[in-house]
Structure formats: C-alpha cells, structure tokens
Amino acid sequence: MVEELPIERLATMAPDLDDLARQALSPNAFYGPRVLLPALRCLASGRVRVLGWFDENGRLDAILPVERRAIWRGLPLPHWAAWKHPYAYLSTPLLRRGRTAAVVAGLRRWLATGARRRGFLHLPVELADGPFLRALRQPDGGGLVVQPLSEHARALLQSPLSAEAYTKARLNRRRRKDHRRQLRQLGGLGAVSFHHHTEPAALRARLADFLALEAAGWKGDEGSALSQSPRSRRYMDELFAGFAPGDAELLELRLDDRPVAMKLNLHAAPGSFAFKIAYDQSLSRYSPGVLLELRNIEAVLDRPDGPAWMDSCADPDHPMIDHLWSERRRIACLNVAADTPGARLALGLAAQAGVATTALRGRWAALPSETQQRIRRLRNRLRR
C-alpha cells in the first residue's frame, strides 16, 4: 500500500525511518530522517509529499519525497518529480531489502490511480545501475514504462589500496611534488594543522566557521552561499542540531587559529556522501581545498572504521575531484509512468520538450562566461 504522507506525520515516524535507512537496499544519506526532516521543514513547498510504502503489517518498506509540478520544460504538462532540493544529490528512494517487487508494484498502482493516471514520475538523480532502476526496467516490472533522458558519470572513491598507494597511482610524480610544495609554503605563513571531527557537539561548534568560509568565496559573490538565504541557513541550523553520532564528519585544515578549508560528509552505511566543501580563496595558490581532499582520501581508505566508499556528489567532469578520484558511478535522469495510453502520450510530449530544452542549453553554453555569471547572480537575487 502506498500513502502520501504529510510532513507532520513523517516527523512522528523517526524510529521507522531509522530502521528503514539501516535496511535500505541502496544507501541514500539525503533521505535519512535527520537529513530529510529538516529539509522538508525548511525547504519544501506546499506541493511536496512523501510517498510511503507499507506492508500488510504496517511496516514501512520505502519512502520517496515527491513534488507535484504543472510545467515540464516549458510545456503545461502536469507530472510528479522526486523532490530534489538544492542540497540533495541523489533521488534513489529508501527501499527495504527484499521488498523491491512489492514497491515497484505499488508505484505502478499509484501512478495509475485518479488524476495521476495520465502523468509520470520524474527521477532526476538515480543510480543508473542500482537495484531500483533495474527493477523498473524489467519487462515484468509491474506494467511501467521507463523513459531515459540522460546519463553521466560522477566521481566515486572506492579502493582496496591505501591512501598513499591510491594517490601515487592516481597522481603523477610532478603533481604529488606540487602538493607537497604547496603544503610547505602554506606552513610558511603559520602553523598548519588538520582536524577530523565526528562528534555532533564538535560539528555544531564549527557550523558558523563553515558558513563564513563558504560565504567569503565564489558562492558568496554569486549569491548562492548557504548563509545568504534565510531558508538554507535555517536548514543548516536544524541539520547540525539534529546530528546523531555516526551521521556526519567534518574535515578541517587550519592555518594558525582559522580554518582555510572545511569539508562536510554525510554517512549512510556502508558508504558516505560528500556534502559541502569550502576553502579560503585568498590562499588559492596553495590549493587548500585539494590539500584537504588528499586528507579525505586518507579518512576513507586508511581508517579501519571508515566508509566503504564515498560518493563525490559532484558535477560531471568536475575539474578538481575527477583527477583525484579514479572510480565512477553512473547517474541517470529518467521518467517513469504506468503503461497506459494517456501516460504514453504524456511521455511523448515530454520527449519533444526535451529536444527544445537541449537546443536552449546549447545556446546557453555559447554565452560568454561573464554573461552566464551575471544571469546566475540575478537569478539568485530573485530567489532570495
């Protein structure tokens, strides 16, 4: 059975959500209760609902936040979309092991019911080779139609090597020498120290430093820093206030008594997700962000209690992380609908709109970077 759960009810289900997260077939830190609930309270519109799948005994088998939308790429084409706020980098539902078939069947019934029977569900950031998408694509997958839209690779850190061996295999001798030189030169400006914080109290004590460091960089110039929006600032406050042991870690590079690079990772056993990184741009000649990322490799590969892997959550072809991490995970963007004539018509219209969008993106890419930056700054001001 599938229910559309209001946020108020979901807030009373924290133990059920915790149990589901521990038993999830594909870990997704962004749908864990102490990350999802603050996001729903601070960032969600009134159109957001959370789909909850329950078995015959009332046990929660899956959740997926969704949002009702009226427009698809410029066309008045009502549909649902997995809710992806600006700080969520995966839309894979939390799905209990052993319940895939039941969840897919429930999704088909939900899409075929009432006003939804002529719509579709948009999944913007899905694991291309994950068990949920494999189940959707099965010929007997519950009478669903899957419409692939795009696919890309993003950096993943997962290796049996030690951090030293991994870095040596990934970076050539000259690049490793450059990083050692940058660390020495940074040390000439003051005392350099690395810190690794995992306790919730230690994380909360460093939130203000992290927000200030981020706002002082290019995101502050663009108007997209977390502290520049009341909603995102409140989200970060609630997120950090609710952390429990094992939820997150913060890596920090300090010069004397001030942070010059900070990186926040969210855990979802057995893996982890790189959430946010900030660095002091006035020290960019020393690459403090890269120096901290090298320590992050140690935190993943050299710690016996470290995560088995880390998802970079980065854009494709990221100029920094792609040359540090060698592994990749495939990310798909797709639509899924019940196999009905009305839904197939809706998917056909969506495909035509996609062609027009691709053409517009080509024109955007042809604009000078200065023009793109001015447009982004204007957009961020309007959003605030």
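Located above this text is the structure these notes cover.
Now for a quick tour of the structure. (Residues numbered from 1 in each chain as written. Predicted model: local features only at pLDDT ≥ 70, side-chain atom pairs only at ≥ 80, totals over all residues. Heavy atoms only, no water.)

Within the protein chain, the secondary structure is distributed over 15 helices and 13 strands. Computed over C-alpha atoms, the radius of gyration of the protein chain comes to 22 Å, within 12% of the 21 Å expected from 2.2 N^0.38 for 384 residues, which places it in the range of a compact globule. Seen through its C-alpha atoms, the protein chain measures out along the principal axes to roughly 70 × 50 × 40 Å. Looking at the protein chain as a whole, 50% of its 384 residues qualify as buried. (Helix = DSSP H or I, 4+ residues; strand = E, 2+ residues; numbered from the N terminus. Rg over C-alpha atoms; globule rule 2.2 N^0.38 Å. Buried < 20%, exposed > 50% of the residue type's maximum accessible area, 1.4 Å probe, protein only.)

Such a bond, covalent and formed between the sulfur atoms of two cysteines, is termed a disulfide. This structure, assessed with the given rule, holds zero disulfides. Free of any disulfide, Cys313 has its nearest cysteine sulfur in Cys333, 16 Å distant. On the basis of relative accessibility, which here comes to 11%, the residue Cys313 falls in the buried class. Given the relative accessible area of 12%, Cys333 is considered buried. (Disulfide = S-S within 2.5 Å.)

Right, let's get into a nonpolar patch on the surface. Side chains of Leu75, Leu345 and Leu349 sit close together on the surface and give an oily, nonpolar patch of about 250 Å² of accessible area. Within the secondary structure, Leu349 is located in helix 14 (residues 341-366). (Patch = residues over 30% accessible without salt bridge, like charges linked within 9 Å, V, L, I, M, F, W, Y side chains within 5 Å. Areas by Shrake-Rupley, 256 points an atom, 1.4 Å probe, with all protein chains shown as cover. Salt bridge = Lys/Arg side-chain N within 4 Å of Asp/Glu carboxyl O.)

So, on to the nonpolar core. Counting residues in hydrophobic clusters, the biggest one holds 79 residues, and the most contacted among them are Tyr235 and Phe275. Of all the elements, helix 3 (residues 33-43) adds the most residues to this core, at seven residues. Judged by nonpolar contacts, the second largest core, of 17 residues, contains Ala155, Ala163, Val300 and Trp325. (Core = buried A, V, L, I, M, F, W, Y, C linked by side-chain atoms within 4.5 Å.)

Estimated volume of the second largest pocket: approximately 600 Å³. In this structure, the second largest pocket is lined by 30 residues; those nearest its centre are Gly246, Asp247, His267, Ala268 and Ala269. Looking at the lining of the second largest pocket, its residues break down into 15 nonpolar, seven polar and eight charged. (1 Å grid on protein atoms, 1.4 Å probe; cavity = no way out; pocket = protein on both sides within 12 Å on 5 of 7 lines; lining within 4 Å. Points joined across faces, edges and corners; volume = space filled by probe spheres on them. Nonpolar A, V, L, I, M, F, W, Y, C, P; charged D, E, K, R; others polar.)

Turning to unusual backbone geometry, a few remarks are in order. Cis geometry marks the peptide bond from Ala269 to Pro270, where omega comes out at 10°. A positive phi angle, near 55°, is found at Cys313, a position not held by glycine. Locating Cys313 in the fold gives a position in the loop between strand 12 (309-311) and helix 13 (321-324). In the Ramachandran plot, Asp317 falls in the positive-phi region, its phi being about 60° despite a non-glycine side chain. In this structure, Asp317 sits in the loop between strand 12 and helix 13.

Moving on to the side chain of Ser159. Along the chain, the position of Ser159 falls in the loop between strand 7 (144-157) and helix 6 (163-170). Residue classification places Ser159 among the buried residues on the basis of a relative accessible area of 18%. Side-chain polar atoms of Ser159 contact the backbone nitrogen of Leu161, separated by 3.1 Å. Dropping the residues within four chain positions of it, Ser159 is found in contact with Tyr166, Leu301 and Glu327. (Polar contact = N/O pair within 3.5 Å; in protein donor to acceptor, adjacent residues only side chain to side chain. Contact = heavy atoms within 4.5 Å.)

Bringing helix 11 (residues 230-242) into the picture now. Between its terminal C-alpha atoms helix 11 stretches 18 Å, which fits the 18 Å expected from 13 residues at 1.5 Å a residue. For helix 11, the secondary structure elements touched by its buried residues are helix 3, helix 8 (200-205), helix 9 (207-215), strand 10 (258-268) and strand 11 (271-279). (Expected span 1.5 Å × (residues − 1).)

Close approach of charged atoms allows side chains of opposite charge to pair. With the rule as written, the count across this model stands at 28 salt bridges. Between Arg47 and Glu67 there is a salt bridge, with its nearest N and O atoms 3.1 Å apart. Linking Arg47 in the loop between helix 3 and strand 2 (48-54) with Glu67 in strand 3 (residues 60-69), this pair joins segments that are 20 residues apart in sequence. By relative accessible area, Arg47 is classed as partly exposed at 47%.

Relative to the assigned elements, Thr100 resides in helix 4 (residues 100-111). On the basis of relative accessibility, which here comes to 16%, the residue Thr100 falls in the buried class.

A cluster of like positive charges, contributed by Arg173, Lys177, Arg180 and Arg184, occupies part of the molecular surface. Residue Arg173 is classed as exposed on the basis of its relative accessible area of 70%. (Lys, Arg positive; Asp, Glu negative; His and termini not counted. Charge placed at Lys NZ, Arg CZ, Asp CG, Glu CD.)

Evaluated as defined, the whole model comprises nine aromatic pairs. For the ring pair Phe30 and Phe273, a centre distance of 5.5 Å and an interplane angle of 70° mean the geometry is edge-to-face. Residue Phe30 is found in the loop between helix 2 (14-22) and helix 3, and its partner Phe273 is found in strand 11; the two are separated by 243 residues along the sequence. Of the two residues, Phe30 and Phe273, both sit in the buried class. Connected via pairs of aromatic rings, a cluster forms that spans Phe30, Tyr89, Phe273, Phe275 and Trp309. In this structure, Arg295 packs its charged tip against the face of Phe194, placed 3.9 Å from the ring centre. Above the face of the Trp309 ring, Arg329 is positioned so that its terminal group lies 5.0 Å from the ring centre. (Phe/Tyr/Trp six-rings, centres within 6.5 Å; stacked < 30°, edge-to-face > 60°. Lys NZ or Arg CZ within 6 Å of the ring centre and 35° of its normal.)

Attention shifts here to the environment of Phe54. Within the fold, Phe54 resides in strand 2. For Phe54, a relative accessible area of 8% gives the class buried. Separated by 265 residues in sequence, Phe54 and Pro319 have C-alpha atoms that sit 43 Å apart. What Phe54 contacts, discounting residues up to four positions off in sequence, is Met1, Glu3, Leu5, Arg9, Met13, Arg59, Leu60 and Asp61.

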